[in-house]
Amino acid sequence: MDKDIKQIEEIEKSEPIREVPKKHSLVGVHLISGIIILVLIIGSTVGAYFWRDNKASVFEKTQADELLVKQQTILELQAQLADYTGEVTNGPTLCSEIAPTASAIESIKASITSGNTVALEGYMASNVNVILAATEAYGMQTASHAVSSVTTFISDDINSWDYNFSLPTSTINSYKQSGYAQYFSSTSIVGLASNNQLISFSFDCLGDIDTVFMASQADTL
């Protein structure tokens with residue numbers, strides 16, 4: 001009996017003791033794995049944010065640099081334009097006014113004497129400087145508006161339709177001595193009505209009407 005017990009004890013000693021895995025150890029492993037994965041996800045998200053933020057900063061800096069270059073270019077062009085304008089002002093005239101054709105001149109005169117002012121628009125530039133002496137009217141106008149201003153002016157008196165466009169040189173020269181001399185050039189068409197209203201058409205370098213000067217009383221010039 002004692003011999004059998006001794007043999008059993010020796011067998012038990014010779015076999016390794018097997019431990020049963022504990023459940024809390026497995027839970028710990030899973031928890032640590034989850035934490036590691038979460039850290040990796042957070043790390044990658046933060047990294048991506050800072051990468052985008054850095055990329056945005058670089059883009060903004062690039063945009064700012066390009067804007068600065070464009071602004072500098074604009075300033076340089078403005079300076080060049082100012083120099084060029086000064087050269088043109090102080091230099092020879094690049095575009096001298098010319099008189100229209102003889103037929104155009106007659107048509108312009110007829111548009112006033114006949115009252116058919118609508119025909120004037122076809123002989124005007126796209127923008128016309130309209131001046132009424134001794135007033136603040138009118139300034140730069142479109143061709144159609146300029147025609148309207150002329151129509152209103154010559155319609156003030158029924159006698160204003162009988163304009164004389166064959167004025168003596170001495171009369172024209174007297175107008176040139178006034179403060180409105182610029183509206184009586186060598187190519188201007190000047191007409192005087194029996195009611196003393198005066199109108200003068202001046203032209204650009206294409207022979208189009210670019211200025212209309214009007215005075216309610218010519219003898220006040």
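Shown above is the structure to which this text applies.
The structure contained in this document is the topic of the report that follows. Just so we're clear, the structure is a prediction, and the values are computed from it rather than from any experiment. (Residues numbered from 1 in each chain as written. Predicted model: local features only at pLDDT ≥ 70, side-chain atom pairs only at ≥ 80, totals over all residues. Heavy atoms only, no water.)

1. Brief notes about unusual backbone geometry
Here's step 1: Tyr138 follows Ala137 through a cis peptide bond whose omega is -5°.
Here's step 2: Topologically, Tyr138 is positioned in strand β2 (residues 138-142).
Here's step 3: In this structure, Ala134 is a non-glycine residue whose phi angle is positive, near 65°.
Here's step 4: Along the chain, Ala134 falls in the loop between β1 (124-132) and β2.
Here's step 5: Ala134 gets classed as exposed once you look at its relative accessible area, which sits at 74%. (Helix = DSSP H or I, 4+ residues; strand = E, 2+ residues; numbered from the N terminus. Buried < 20%, exposed > 50% of the residue type's maximum accessible area, 1.4 Å probe, protein only.)

2. Thoughts on the packing of aromatic side chains
Working definition: an aromatic ring pair is given by the centre-to-centre distance plus the angle between the planes.
Here's step 1: One pass over the full model with this rule turns up six aromatic pairs.
Here's step 2: Aromatic rings pair up to connect Tyr175, Tyr180, Tyr183, Phe184 and Phe213 into one cluster. (Phe/Tyr/Trp six-rings, centres within 6.5 Å; stacked < 30°, edge-to-face > 60°.)

3. What about the pairing of strand β4 (residues 198-203)?
Here's step 1: Of all six residues making up β4, six are buried, and the element is well covered by its neighbours.
Here's step 2: Taking every second residue as pointing to the same face, both faces of β4 are buried, with Leu198, Ser200 and Ser202 on one and Ile199, Phe201 and Phe203 on the other.
Here's step 3: Joining the antiparallel neighbours strand β3 (residues 189-192) and β4 is a turn of five residues, in which Asn196 adopts a positive phi near 80°.
Here's step 4: In terms of strand pairing, β4 meets strand β5 (residues 209-215) through six bridges, oriented antiparallel. Bridging from a neighbouring strand, Ile199 pairs with Met214 of β5.
Here's step 5: Linkage of β4 to β5, two consecutive antiparallel strands, is achieved through a turn of five residues, within which Gly207 is found at a positive phi near 80°. (Pairing = 2+ DSSP bridges.)

Any functional reading would require information beyond the geometric quantities listed.
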